Amino acid sequence: MNRNMKLTGLLLATGLALSACGNSSNEGEPSKAAQATASASGETAGKEISPIQEETIKLQEETKKLQEAIQKQDTAEVKRLGQTINDIWLAYENSVRQSFPLEYTEVEKYEMPIFSASAYDKIDFTVLGTTAEKLQTALDNLLNAKETTGSTSELLTKAVANYKKYVEEQADQLVSQTKTFVEAVKAGDAEKAMLEYPKARVFFENIEPIAESFEDLDPRIDARLADVEDENEWTGFHRIEKALWLDHSLEGMDVYADQLVKDTEELQAKVRTLELEAPAMVAGAMELLNEAAISKITGEEEIYSHTDLVDFAANVDGSKNVYLAIIPALNEKNPDLANQLDKQFQLLEETLRGHQTDGIYVSYDKLTTEQIREISDQISQLSQLMSQTASIL
């Protein structure tokens, strides 16, 4: 969902979407070019295809070129194709969101990181190759999908189930990345531990509202010094953060490192027992965004490491996955709100990406007061829009 500035994106989307539908007086009739392209597209061969299928075929072709460029490790071509893929998706994503909400979510999940990576000077070709492969699978599903005919409640149930899967995946990666972080801590390798710390934090911050539902577990993992009465009972990420960035010593941290792994594994197990409902998901996302805009924005979360931008971006991404899950209800009851949310996520992600260098966020203490206020205002606006979804669920 990371995009160019919203006005440019809208104009581009409008122009290309009209172009995709052709100049025929029959709005739904595919262009001759579309039918010609379809002749080489597997299951669509010899069949008339819709404008959405036509654009999906274009996107598949460009993604295939991207995969070839990744294999060649051609950085310039990867960057060019990342932008092209984003332009094509922008041109018709609103139509997909309306007609194929579940398939839209899958494409969006993999298209966005490809576009983001196209802005980096250094590209992780292995990771990007895996993402491109998953995008092709999502596009195959979209190309062969039948237009949604189920009731909103049925679609919402499926979408919530997909969100539950996302939460489980994040919990799995949290455990895995935390173990990597802990290995560095226990080895006394402070330099590596400082690099691994924000990588693990991402997966926790993505699902923080879920973790907070386990009242005893969340503070063990995420409490700050200001949150505890007795420092001797303080555990979790921020206990080790202080040791790394303030104390400059990992002595005595083994016990906290081992406990952190146990606690994240417990969270992983509890996540699988959760029964999620859309209203509670939205409430959690709203609360998280409000917290980010009001208190986290002060720098209180990562007071020693100043990796706050990593947390903000993860909070936004986690909230975006809630938004994607409730799209079926938005389509039926308030499509204009869906468009507003889409644009606000785009704008905020664009702002946050502006504080990256090669995909790494700058230290939060390097931002100016004006830059911090801009982030706070945009998060607040996003939270306000998310609050409006509560009335339709």
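Definitions and cut-offs
- Along each chain, residues carry numbers from 1 onward, in the same order as the chain's sequence is written.
- Local features in this predicted model are restricted to residues of pLDDT 70 or higher, and side-chain atom pairs are both shown and tallied only at a pLDDT of 80 or more, whereas totals for entire chains, interfaces and linings draw on every residue.
- For side-chain calculations, the full set of non-hydrogen atoms in the structure is used, while hydrogens and water are omitted.
- Segments assigned H or I by DSSP are reported as helices when at least four residues long, segments assigned E as strands when at least two residues long, and all are numbered from the N terminus.
- Burial status follows relative accessibility: with a 1.4 Å probe on protein chains alone, a residue under 20% of its type maximum counts as buried, one over 50% as exposed, and anything between as partly exposed.
- Two residues form a contact once any of their heavy atoms are found within 4.5 Å.
- Working definition of accessibility: Shrake-Rupley area with a 1.4 Å probe, residue cover restricted to the visible protein chains.
- For every residue, the predictor states its confidence as a pLDDT score lying anywhere from 0 to 100.
- For this analysis, a salt bridge means a side-chain nitrogen from Lys or Arg found within 4 Å of a carboxyl oxygen belonging to Asp or Glu.
- What makes a nonpolar core is a set of buried Ala, Val, Leu, Ile, Met, Phe, Trp, Tyr and Cys residues whose side-chain atoms join them at distances within 4.5 Å.
- Only centres within 6.5 Å qualify two rings of Phe, Tyr or Trp (six-membered ring in Trp) as a pair; their planes then separate them into stacked at under 30 degrees, edge-to-face at over 60, and tilted for everything else.
- Look at NZ for Lys and CZ for Arg. If either is within 6 Å of the ring centre and within 35 degrees of the ring normal, a charge sits over the ring.
- Here, expected helix span is obtained from the residue count minus one, scaled by 1.5 Å.
- It is the directions from the helix axis to the C-beta atoms that the arc portrays.
- Lines are fitted to the C-alpha atoms to define the axes, a helix being fitted only along its stretch in contact, and any angle between axes, read from their N-to-C directions, falls within 0 to 180 degrees.
- Note on convention: the crossing is left-handed when the near helix lies turned anticlockwise from the far helix by less than a right angle, right-handed when the turn is clockwise.
- For this classification, the nonpolar set comprises Ala, Val, Leu, Ile, Met, Phe, Trp, Tyr, Cys and Pro, the charged set comprises Asp, Glu, Lys and Arg, and every other residue, Gly included, is treated as polar.

### A closer look at the overall build of the chain
Part 1 of the reasoning: In terms of helices and strands, the chain carries 17 helices and 2 strands.
Part 2 of the reasoning: Evaluated residue by residue, the chain yields a buried proportion of 51% over its 393 residues.
Part 3 of the reasoning: Sequence separation of 24 or more characterises 76% of the internal contacts of the chain that already satisfy a separation of 6 or more.
Part 4 of the reasoning: A total accessible area of about 18,100 Å² is found for the chain, and carbon and sulfur atoms account for 49% of it.

### Thoughts on unusual backbone geometry
In terms of backbone geometry, most residues other than glycine have negative phi values and most peptide bonds are trans.
Part 1 of the reasoning: For Q73, which is not a glycine, the phi torsion comes out positive at approximately 55 degrees.
Part 2 of the reasoning: Using a relative accessible area of 52% as the deciding quantity, one classes Q73 as exposed.
Part 3 of the reasoning: A positive phi is found at H248, a non-glycine position, where the angle reads about 55 degrees.
Part 4 of the reasoning: Within the secondary structure, H248 is located in the loop between helix 11 (237–247) and helix 12 (254–271).
Part 5 of the reasoning: Taking relative accessible area as the criterion, H248 reaches 64% and is therefore assigned exposed.

### Observations concerning the confidence of the model for the chain
Part 1 of the reasoning: Chain-level statistics for the chain give a pLDDT mean of 87 and a share of 87% at 70 or above.
Part 2 of the reasoning: Put simply, helix 1 (residues 6–20) is where the chain has its lowest mean pLDDT, 35, and helix 11 is where it has its highest, 98.

### A short note on the pattern of salt bridges
Oppositely charged side chains are able to pair whenever their charged atoms sit close together.
Part 1 of the reasoning: Evaluated as defined, the whole model comprises 28 salt bridges.
Part 2 of the reasoning: Ionic pairing is found between E266 and R220, a salt bridge with its closest N-O pair at 2.8 Å. You can see E266 sitting in helix 12 and its partner R220 sitting in helix 10 (residues 217–222), a full 46 residues away along the chain.
Part 3 of the reasoning: On the accessibility criterion, E266 (26% relative accessible area) is partly exposed.
Part 4 of the reasoning: On the accessibility criterion, R220 (24% relative accessible area) is partly exposed.

### Topic: the nonpolar core
Part 1 of the reasoning: Membership of the largest hydrophobic core comes to 105 residues, with the highest contact counts inside it found for Y92, Y163, F181, I240, L267 and L341.
Part 2 of the reasoning: Among the elements that line this core, the one with the most residues is helix 7 (residues 152–186), at 13 residues.
Part 3 of the reasoning: Apart from the residues within four sequence positions on either side, L267 is in contact with L174, F204, A211, F214, L217 and I221.

### Some thoughts on the packing of aromatic side chains
Ring pairs (aromatic) are described by centroid distance and by the angle formed between their planes.
Part 1 of the reasoning: According to the stated counting rule, one finds 9 aromatic pairs in the structure shown.
Part 2 of the reasoning: Geometrically, the ring pair formed by W89 and Y104 is stacked, given 5.7 Å between the ring centres and 25 degrees between the ring planes. Here the residue W89 occupies a position in helix 4 (residues 75–99), and Y104 occupies one in helix 5 (residues 101–117), the gap between them amounting to 15 residues. Each member of the pair, W89 as well as Y104, carries the same accessibility label: buried.
Part 3 of the reasoning: Taken together, the ring pairs connect F181, Y197, F237 and W245 into an aromatic cluster.
Part 4 of the reasoning: The cationic tip of R239 hangs over the ring face of Y256; the distance from NZ or CZ to the ring centre is 4.9 Å.

### Some words on helix 12
Part 1 of the reasoning: In this model helix 12 runs 26 Å from its N-terminal to its C-terminal C-alpha over 18 residues, within 8% of the 26 Å that 1.5 Å per residue would give.
Part 2 of the reasoning: Taken together, the buried positions of helix 12 are Y256, A257, L260, V261, D263, T264, L267 and V271. One side of helix 12 carries all its buried residues, which in axial view fall inside an arc of 165 degrees. Opposite the packed face of helix 12, turned more than 90 degrees from it, sit the exposed residues V255 and K262.
Part 3 of the reasoning: In this structure, the buried residues of helix 12 make contact with helix 7, helix 8 (190–206), helix 9 (208–212), helix 10 and helix 11.

### Looking at the packing of helix 11 against helix 12
Part 1 of the reasoning: Interhelical geometry of helix 11 versus helix 12 gives an angle of 150 degrees and a closest axis separation of 9 Å. In this structure, helix 11 meets helix 12 at a crossing whose hand is left-handed. Across from F237, R239 and I240 in helix 11, the residues of helix 12 making contact are Y256, A257 and L260.
Part 2 of the reasoning: Of the residues assigned to the contact of helix 11 with helix 12, the class counts are 5 nonpolar, no polar and 1 charged.

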